[in-house]
Amino acid sequence: MNTVVPRNNRMQHPSGFTLVELLIAMVISALVLTAFYRVFDNLQSSSIQQVEIATMQQNQRGALAIMEREFRMIAADRGLTGQFRVTDIRRYTVTEPGTTATPDNSAAGSPILRFTADLDNDGLLGANETITYLLYDRDGDPANGFDLARSVFNAGNGLVSQRDLLAESVDAIGFAYAFDQNLDGRIDRAGANDDIIWGVDTDNDGLLDADMANTALGFTVQPSMIRSVRLWILGRAQRGDNAFINDETYTLANRILPQYNDNMRRWMINQIINCRNL
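Counting starts from 1 at the beginning of each chain's written sequence and moves along it residue by residue. For this predicted model, a pLDDT threshold of at least 70 governs which residues receive local features, and a threshold of 80 or more governs which side-chain atom pairs are given and counted, while totals over whole chains, interfaces and linings are taken from all residues. Side-chain descriptors were evaluated using all non-hydrogen atoms of the structure, hydrogens and water having been removed beforehand.

Colleague: Explanation requested: the side chain of Arg236 in the structure shown.
Modeller: Each helix is a run of H or I in the DSSP string that is no shorter than four residues. Each strand is a run of E no shorter than two, and both are numbered from the N terminus. Residue position: Arg236 is located in strand S13 (residues 226–236). The contact criterion used is simple: two residues touch if any of their non-hydrogen atoms lie within 4.5 Å. Setting aside anything within four residues of it in sequence, one finds Arg236 in contact with Met56, Ala143, Asn144, Gly145, Ser169, Asp171, Met264, Arg265 and Arg266.

In structure tokens, the structure reads:
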């Protein structure tokens, strides 16, 4: 015998979801998706920043490798002519390609290192044997930061020659120099620990006159007396990180830079390079 279920009893046990249940499910799904998106966005931002940092560090390491190799060749002079040496350590304006940089001892000036080397071993100073490392404004917009360049030109010309890019997004460079002022064949030292004196040029006359604490040496040092170079390169990422504030203070040789207080990550190299021909 068949049992007949009353119509009103079937309506009391519906097989689908109610509107309230659907709304609750949608809200829960939206919360889960939002959480997943935030995790994904954080991971993506972190990945982008890691790539930026790695690129910045690689750029600086590549530039350092070139500079270190070439600095070791400063004053290379197989013929012992005595005409190859460090020739300029002053601060210059940071300019665009094709424009002349001029000496500038203000906060806006940037140090250069210019030297000569007999690269072809002919005993003569050739057109490609006066080399300069300097900062320049590659795109003409200082807001985008500067770049590190290597420049080659004839002796006597201004800093207006072709500049070959070494590293992008370099905020600052710095140099200090160990020297043999009394020409006794030994690098000058001082203090109870017999520390190397790292000299700097504070008045932009091309002579070392103070140490990195800006304490006067009591004498001046000609560029020809330089024996080693201490180099700083301060690079920055090309893209900002909105979750980061850079409030660090950077010191390059005797120069303390103002805090940037921006969202750009930076990395600084400090390397001592012994010049084997000096």
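Having seen the model, we can carry on.
Colleague: In this structure, what is going on with the confidence of the model for the chain? I would like to understand it.
Modeller: Predicted coordinates in regions of low pLDDT should not be interpreted in detail. pLDDT measures the predictor's confidence residue by residue and takes values from 0 up to 100. In this model, the chain carries an average pLDDT of 86, and 88% of its residues clear a pLDDT of 70 or more. Ranking the helices and strands of the chain by mean pLDDT puts strand S10 (residues 199–200) first, with 97, and helix H1 (residues 7–11) last, with 53.

Colleague: Sorry if this is basic, but what is going on with the pattern of salt bridges here?
Modeller: Each salt bridge in this description consists of a side-chain nitrogen of Lys or Arg and a carboxyl oxygen of Asp or Glu lying within 4 Å of one another. All told, the structure shown has 10 salt bridges when counted by the stated rule. Of the charged contacts, one joins Arg90 and Asp88 as a salt bridge, the two residues approaching to 3.0 Å between their closest N and O atoms. Each residue is placed in one exposure class: buried if its accessible area under a 1.4 Å probe, protein chains only, is under 20% of its type's maximum, exposed if it is over 50%, and partly exposed if it falls in between. For Arg90, a relative accessible area of 25% corresponds to the partly exposed category. Asp147 serves as the salt-bridge partner of Arg138, at 3.2 Å between the closest nitrogen and oxygen. Three or more residues joined by partner-sharing salt bridges are found here, namely Asp171, Arg236, Asp262 and Arg266.

Colleague: Where do I start with unusual backbone geometry in this structure?
Modeller: Most of the time, phi is negative for any residue but glycine, and the peptide bond is trans. Positive phi is not limited to glycine here, since Ser169 has a value of about 55°. Locating Ser169 in the fold gives a position in strand S7 (residues 163–179). Here Ser169 falls in the buried class, since its relative accessible area comes to 10%. Of note, the phi angle at Asn204 is positive, near 60°, even though the residue is not glycine.

Colleague: Quick question: what am I supposed to make of the packing of aromatic side chains here?
Modeller: Two aromatic rings from Phe, Tyr or Trp, using only the six-membered ring of Trp, form a pair when their centres are within 6.5 Å; if the ring planes differ by under 30 degrees the pair is stacked, by over 60 it is edge-to-face, and anything between is tilted. For the structure on display, the rule yields 7 aromatic pairs. Look at Phe71 and Phe115: their rings are 5.9 Å apart centre to centre, the planes differ by 90°, and that puts the pair in the edge-to-face class. Here Phe71 is found in helix H2 (residues 19–71), whereas its partner Phe115 is found in strand S4 (residues 113–116), with 44 residues between them in sequence. Through successive ring pairs, a cluster of aromatic residues spans Phe71, Phe115, Tyr133, Phe175 and Tyr177. When the NZ atom of lysine or the CZ atom of arginine is within 6 Å of a ring's centre and also within 35 degrees of its normal, the charge is said to sit over that ring. One Lys or Arg, Arg230, reaches over the ring of Trp198 and ends 5.8 Å from the middle of that ring. Seen from the ring of Tyr260, Arg266 lies directly overhead, with NZ or CZ sitting 3.6 Å from the centre.

Colleague: In this structure, what is going on with the side chain of Asp188? I would like to understand it.
Modeller: Among the secondary structure elements, Asp188 is positioned in the loop between S7 and strand S8 (189–190). It is Arg186 that comes nearest to the buried, bridge-free Asp188 among opposite-charge side chains, at 7.6 Å. Residues in contact with Asp188, not counting those within four places in the same chain, are Phe179, Asp180, Gln181, Asn182, Asp195, Ile196 and Ile197. Counted charges follow a simple rule, with Lys and Arg positive, Asp and Glu negative, and His plus the chain ends left uncounted.

Colleague: What is the right way to read the environment of Arg255 from this model?
Modeller: Examined against the element boundaries, Arg255 turns out to sit in strand S15 (residues 255–256). Spatially, the C-alpha atom of Arg255 lies 8.1 Å from that of Met212, the residues being 43 residues apart in sequence. Beyond its immediate chain neighbours, meaning those up to four positions away, Arg255 contacts Arg91, Ala107, Gly109 and Tyr250. Within the structure, Arg255 has its side chain in polar contact with the backbone oxygen of Ala107 (distance 2.9 Å). Whenever two N or O atoms come within 3.5 Å, that pair is a polar contact, provided that in protein one can donate a hydrogen and the other can accept it, and provided that, for residues adjacent in sequence, both atoms are side-chain atoms.

Colleague: Teacher, can you tell me more about the nonpolar core here?
Modeller: A general trend in soluble globular proteins is that nonpolar side chains are found buried together. We define the nonpolar core as a collection of buried residues of types Ala, Val, Leu, Ile, Met, Phe, Trp, Tyr and Cys that are connected through side-chain atoms lying within 4.5 Å of one another. By size, the foremost hydrophobic cluster in this structure holds 33 residues, and its most contacted members are Met67, Phe71, Ile74, Leu113, Leu148, Phe175 and Tyr177. Listed by contribution, the elements that provide at least two residues to this core are H2, S4, strand S5 (130–136), S7, strand S12 (216–221), S13 and strand S16 (266–274). With near-sequence residues (within four places) excluded, Leu148 lies in contact with Ala63, Met67, Leu134, Leu135, Tyr136, Asp164, Leu165, Leu166, Ala167, Val170, Ile173 and Ile233. Counting 12 residues, the second largest nonpolar core, distinct from the first, contains Ala172, Ala178, Trp232 and Ala253.

Colleague: What's the story with a nonpolar patch on the surface in this structure? I'm lost.
Modeller: To count toward a patch, a residue needs a relative accessible area above 30% and no salt bridge. Like charges then connect within 9 Å, nonpolar side chains (Val, Leu, Ile, Met, Phe, Trp, Tyr) within 5 Å. Throughout, the Shrake-Rupley method with a 1.4 Å probe supplies accessible areas, and for residues the shown protein chains are the sole cover considered. A cluster of nonpolar side chains, Val20, Ile24, Ile28, Val32 and Phe36, forms an exposed patch at the surface whose accessible area comes to about 490 Å². Here Val32 is to be found in helix H2. Using a relative accessible area of 40% as the deciding quantity, one classes Val32 as partly exposed.

Colleague: Before we go on, may I ask you to explain the environment of Met212 in this structure?
Modeller: Tracing the sequence through the fold places Met212 in the loop between strand S11 (208–211) and S12. For Met212, the residues in contact, after removing those within four places along its chain, are Ala176, Trp198, Val200, Arg230, Trp232, Ala253 and Asn254.

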